[in-house]
Amino acid sequence: MPGDFIRMEPQVSLEAFHAFRDDRPSEEKWELIAGVPNMMPPPTLVHQRIARNLETMLNARLAQVKPEWQADREIGLLLPDDDRYNPVPDVTVMDTKIEAGQLYAERFYFVVEVLSDADKPRMLDLKLAWYRRHEQCRGVLFVAQDRVHATLNTRESDSWREVVLSNPKDEIAVPRIGGIGALGEAYRHTPLHI
């Protein structure tokens, strides 16, 4: 299917990817997915506001129920013994405690990706499968920026459940965190906020 097509290039090692990325202009943002470098498109203002709103919503809730966790924007994820993935979600819930000079989170609990036209279904499937492999990850939220719509995948015991949210009043609820607010609040100060 044309919309599902993703050009698979030769896979590169994590070391080669980092060398390549470090030689690119600083305004370019890259991530490694299934061994293939992918340049992320520049974020729109709507994209940035949605990500900021969700970061704020998550941190407000985490301060109440999990002060040892923090939501941060654009944190690279890198798992030991996995040299095919180095994604950079828009928002990542991770441990508050970090090391000086730390570049990547190796442990994360929830991620948010604000979608753009460049996010093809095959790429999202690859990312979702990778996030699900991380035993600490409790959920993944894919959020549209062109309409009020999100897909929430959550881990419940040993299985995953997917819920589509499309009503501005739909609650975004994450295991071990709880409800962070209504979907419509993620669109605050955008043309989509009702």
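Every residue gets a number counted from 1 within its own chain, in the order that chain's sequence is written. Thresholds applied to this predicted model are a pLDDT of at least 70 for local features of residues and 80 or more for the giving and counting of side-chain atom pairs; totals over whole chains, interfaces and linings are not thresholded and use all residues. Heavy atoms from the whole structure form the basis of all side-chain values; hydrogens and water molecules are not counted.

Please give an account of the nonpolar core that cites residues and values.
In this structure, L54, L58, V93, F110, V112, L141 and I177 are the most contacted members of the largest nonpolar core, which totals 28 residues. Of all the elements in the fold, those that place two or more residues in this core are α2 (45–65), β3 (69–73), β5 (91–95), β7 (108–114), β8 (139–143), β9 (150–156) and β11 (171–174). Helix numbers and strand numbers start at the N terminus; a helix is a DSSP run of H or I with at least 4 residues, a strand a run of E with at least 2. Top element by residues in this core is α2. It accounts for 6 residues. Pairs of residues are marked as contacts when any of their non-hydrogen atoms sit within 4.5 Å. Setting aside residues up to four positions removed in sequence, L141 forms contacts with L54, F110, V111, V112, E113, A150, T151, L152 and I172. Here, nonpolar core means buried Ala, Val, Leu, Ile, Met, Phe, Trp, Tyr and Cys residues that are tied together by side-chain atoms lying within 4.5 Å of each other. Burial classes follow relative accessibility: with a 1.4 Å probe on protein chains only, a residue under 20% of its type's maximum area counts as buried, one over 50% as exposed, and anything between as partly exposed. Among the nonpolar cores identified, the runner-up in size contains 20 residues, and I75, M94, V111 and F142 belong to it.

Outline the pattern of salt bridges, listing residues and values.
Think of a salt bridge as a Lys or Arg side-chain nitrogen and an Asp or Glu carboxyl oxygen that are within 4 Å of each other. Applying the stated criterion across every chain, the model contains 9 salt bridges. Residues R24 and E28 are paired through a salt bridge, measuring 2.8 Å at the closest nitrogen-oxygen approach. Look at R24 and you get partly exposed, because its relative accessible area is 33%. Among the ionic pairs, R188 bridges to E185, the shortest N-O distance being 2.9 Å. Residue class for E185 comes out partly exposed when judged on its relative accessible area of 32%.

Summarise the sheet that holds β7; cite the residues concerned and give the values.
Spatially, the 6 strands line up as an open sheet ordered β3-β5-β7-β8-β9-β10, and their pairing is mixed. Edge strands, defined here as strands with exactly one partner in the open sheet, are β3 and β10 (159–165). Taken pair by pair, the neighbouring strands of this sheet meet at an average axis angle of 15°, ignoring direction. Bridge count for β7 against β8 is 5 bridges, and the pairing is parallel. Its bridge partner lying in β8, F110 is registered against G139. Note on geometry: axes are lines fitted to C-alpha atoms, helical ones only across the stretch in contact, with angles between N-to-C directions running from 0 to 180 degrees. Here α2 sits on the sheet in contact with β3, β5, β7 and β8, set at roughly 170° to β3. Set on the sheet, helix α3 (residues 121–133) makes contact with β7, β8, β9 and β10; between it and β7 the angle comes to about 165°. Here a strand pair is declared whenever DSSP counts at least two bridges between the two strands.

Tell me what's going on with the confidence of the model for the chain, and back it up with residues and numbers.
Put simply, the chain has an average pLDDT of 90, and 95% of its residues get 70 or more. Predicted confidence is poor over residues 1–6, with pLDDT under 50, and the contacts of this stretch with residues over four places away or in other chains come to 7 contacts. For every residue, the predictor reports its confidence as pLDDT, a number between 0 and 100.

Any chance you could break down the pairing of strand β12 (residues 178–182) for me, citing the residues and the numbers?
As paired strands, β11 and β12 are joined by 4 bridges and run antiparallel to one another. Residue A173 lies in a different strand from β12, and its bridge partner there is G179. Between β11 and β12, which pair antiparallel and follow one another directly, the connecting turn spans 3 residues, one of which, R176, has a positive phi of 70°.

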